[in-house]
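What follows is each chain in one-letter form.
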Amino acid sequence: MGCGASNPAGGSKASRIKRWRSTGIIGLRDSKLKTFPDVVIEMGRGVRTLDLTHNKISDVPAEISKLINMQRLLMADNLIERLPGNLGKLHSLKVLMLDGNRISCLPDELGQLIRLEQLSISRNMLIYLPDTIGSLRNLMLLNVSNNKLKSLPESLGSCASLEEIQANDNVVEELPASLGNLIQLKSLCLDDNQVKQIPDGLLKDCKSLQNLSLHNNPISIDEFQLMEGYQEFEERRKKKFDKQIDSNVMISSKGLDVGVDK
């Protein structure tokens, strides 16, 4: 550990630390850091939000477990290759952003982050997700786009609060049947994968689903339209589209996207 930037923006070191202690918010994005700052660990329970986005940090120390009151950890666009198992001790964590690193696997202890609501780890090198992800019962957003995933774990169907899954640009061939358990799921994005079919009960059982995007997959729109629950899904999707029009939301010039290539 250490401090790879001699004088990050934001005033003298003493004044910055005083501000961090009073707010619990540590902002060190774009600070040219090469190592995880010692001062962050020293603040311990006082840290609520830690933003280390866009640095050159390659290692997350096991001592991060001392930040037990931290709710937001933002470490996108660094050089991180692995996460310590002690990450699972951050039981207050609600938001974990790790996009644009070099992570190939997540520790099993991830499942101990029982308050986690948002997990974004796109643009990494993930080859699988741990089965323990199913313990994240408060997770609402999962973004694993632009990785090397061949599948999604069956346990994902236990993430009862999930509203959005982004898994574009992977090599996913098959989806777990348990996705049908996700009654809160509103959006499932799987563009640019190898999905040949989706679970039989997905459209029927995911009664909140409004957006299912499967562009550039070997599944045809004919197969899609024959699925049980397709008509109900279409009604929800069109209702969402109409609502966007009524709200003057900017939409694609293509109009209502059916989500599957013809």
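Details of the structure are given in the entry above.
Cut-offs and rules
- Residues numbered from 1 in each chain as written.
- Predicted model: local features only at pLDDT ≥ 70, side-chain atom pairs only at ≥ 80, totals over all residues.
- Heavy atoms only, no water.
- Helix = DSSP H or I, 4+ residues; strand = E, 2+ residues; numbered from the N terminus.
- Buried < 20%, exposed > 50% of the residue type's maximum accessible area, 1.4 Å probe, protein only.
- Contact = heavy atoms within 4.5 Å.
- Areas by Shrake-Rupley, 256 points an atom, 1.4 Å probe, with all protein chains shown as cover.
- Phe/Tyr/Trp six-rings, centres within 6.5 Å; stacked < 30°, edge-to-face > 60°.
- Polar contact = N/O pair within 3.5 Å; in protein donor to acceptor, adjacent residues only side chain to side chain.
- Salt bridge = Lys/Arg side-chain N within 4 Å of Asp/Glu carboxyl O.

Visitor: In this structure, what is going on with the overall build of the chain? I would like to understand it.
Guide: Within the chain, the regular secondary structure consists of five helices and nine strands. When the elements of the chain are put in sequence order from the N terminus, they spell out α-β-α-β-β-β-β-β-β-β-α-β-α-α. Among the 262 residues that make up the chain, the fraction classed as buried is 49%. In the chain, 34% of the contacts between residues at least 6 apart in sequence involve partners at least 24 apart. As presented, the chain carries roughly 13100 Å² of accessible surface, and 47% of it is formed by carbon and sulfur atoms.

Visitor: So what exactly am I meant to see when it comes to the packing of aromatic side chains here?
Guide: Think of a pair of aromatic rings as described by two things: how far the centres are apart, and how the planes are tilted against each other in angle. This model, assessed by the stated rule, comprises two aromatic pairs. Judged by centre distance (5.5 Å) and plane angle (80°), the rings of F224 and Y230 are edge-to-face. Residues F224 and F233 carry aromatic rings whose centres are separated by 5.9 Å and whose planes lie at 85° to one another, so their mutual orientation is edge-to-face. Given a relative accessible area of 1%, F224 falls into the buried group. What links up through ring pairs into an aromatic cluster is the set F224, Y230 and F233.

Visitor: Please explain the side chain of R236 as it appears in this structure.
Guide: With respect to the helices, strands and loops of the structure, R236 is situated in helix α5 (residues 230-246). A polar side-chain atom of R236 sits 2.6 Å from the main-chain carbonyl oxygen of L209.

Visitor: What is the right way to look at the pattern of salt bridges in this model?
Guide: Oppositely charged side chains can form a pair if their charged atoms are brought close together. Per the stated rule, a full pass over the model turns up five salt bridges. A salt bridge links D51 to R29; the shortest N-O distance between them is 2.8 Å. With a gap of 22 residues between them, D51 in strand β2 (residues 49-51) and R29 in the loop between β1 (25-27) and α2 (38-43) connect regions that are remote in the sequence. A salt bridge links D77 to R123; the nearest nitrogen and oxygen atoms lie 3.1 Å apart. Remark: R123 occurs in the loop between β5 (118-120) and β6 (141-143) and D77 occurs in the loop between β3 (72-74) and β4 (95-97); sequence separation between them is 46 residues. Exposure remark for D77: the relative accessible area of 28% places this residue in the partly exposed category. Residue R123 is classed as partly exposed on the basis of its relative accessible area, which comes to 42%. Among the ionic contacts, a cluster of salt bridges with common partners joins E234, R237 and K238.

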